[in-house]
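# Coordinate inspection notes
Residue-level listing of the chains:
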Amino acid sequence: MAVLRIRTNPDPVLRKKAKRVTDIESVQRLIDDMVETLTAAPGVGLAANQVGAPLRIIVIRIPEEEDVITLINPEIVEKTGERCVMEGCLSIPGYQAEITRSESVKVRGRDRHGKLVRKKATELLAQALEHEIDHLNGILYIDYIQDKDELLRTDEETE
Ligand code: NI
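Given the structure is predicted, the values throughout are model-derived calculations rather than measurements.

### Quick word on the environment of S91
Its location among the elements puts S91 in the loop between β4 (83–87) and β5 (95–101). Judged by relative accessible area, which is 1%, S91 ranks as buried. The sequence separation of S91 and T39 amounts to 52 residues, and the corresponding C-alpha distance is 15 Å.

### Remarks on the coordination of the nickel ion
C89 (SG), H131 (NE2) and H135 (NE2) make up the full set of protein donors to the nickel ion, lying at 2.0 to 2.3 Å. Counting along the primary sequence, the residues that act as donors to the nickel ion give the motif C-x41-H-x3-H. Within this pair, H131 and its partner H135 are both found in helix α2 (residues 123–136), separated by 4 residues, close to a single helical turn. Overall, H131 belongs to the buried group, its relative accessible area being 8%.

### Quick notes on the sheet that holds strand β8 (residues 152–153)
Read from one edge to the other, the open sheet built from 3 strands follows the order β4-β5-β8, with strand pairing classed as antiparallel. Each edge of the open sheet carries a strand with a single partner, namely β4 and β8. With 2 bridges connecting them, β5 and β8 associate as antiparallel partners. Bridge assignment links Q96 to a residue of β8, and that residue is L152. Packing of α2 onto the sheet brings it into contact with β4 and β5, and relative to β4 it is tilted by some 70°.

### Description of the state of the cysteines
Taken as a whole and assessed by the stated rule, the structure comprises 0 disulfides. Note on C84: no disulfide assigned, nearest cysteine sulfur contributed by C89 at a separation of 19 Å. You can call C89 buried: its relative accessible area is 10%.

What counts, and at which threshold
Residues numbered from 1 in each chain as written. Predicted model: local features only at pLDDT ≥ 70, side-chain atom pairs only at ≥ 80, totals over all residues. Heavy atoms only, no water. Helix = DSSP H or I, 4+ residues; strand = E, 2+ residues; numbered from the N terminus. Buried < 20%, exposed > 50% of the residue type's maximum accessible area, 1.4 Å probe, protein only. Donors = N, O, S within 2.8 Å, 3.2 Å for Na, K, Ca; no water. Pairing = 2+ DSSP bridges. Contact = heavy atoms within 4.5 Å. Axes fitted to C-alpha atoms, helices over the stretch in contact; angles between N-to-C directions. Disulfide = S-S within 2.5 Å.

As structure tokens, then:
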């Protein structure tokens with residue numbers, strides 16, 4: 001396994017629409033590396049295009065929970081409600097902003113073994129699923145803010 005370099009805005013790979021995965025066997029190594037990269041960052045979620053691989057794969061780890069959720073070719077099939085959330089992104093280090101996300105989402109995809117997964121999520125997991133699936137479509141959370149003044153510096157910033 002390896003920690004991969006996380007691409008930061010405005011790297012053009014972040015704006016590419018990621019391709020569907022057809023050969024699940026061929027992405028096992030990439031998934032391992034994405035999990036290691038997410039752990040090292042550390043972060044809540046990572047999409048494959050953030051490590052330079054424009055494929056439809058996301059990994060999510062909610063703090064305090066052990067299991068990493070890996071979804072291949074994930075799709076949001078339903079979303080309900082709206083709520084304001086603070087959001088950041090490993091590809092936009094040092095910043096966060098308040099944006100609107102859904103209260104709950106239903107997602108469908110495949111796990112790393114190719115098994116069909118359906119998931120209903122709320123709170124941080126719903127937010128992370130929307131954020132990471134946006135990445136696969138070339139969308140960044142900053143696309144939802146009206147102007148740059150809404151971007152706030154995070155206090156973790158040390159540079
Ligand atoms: Ni992100």
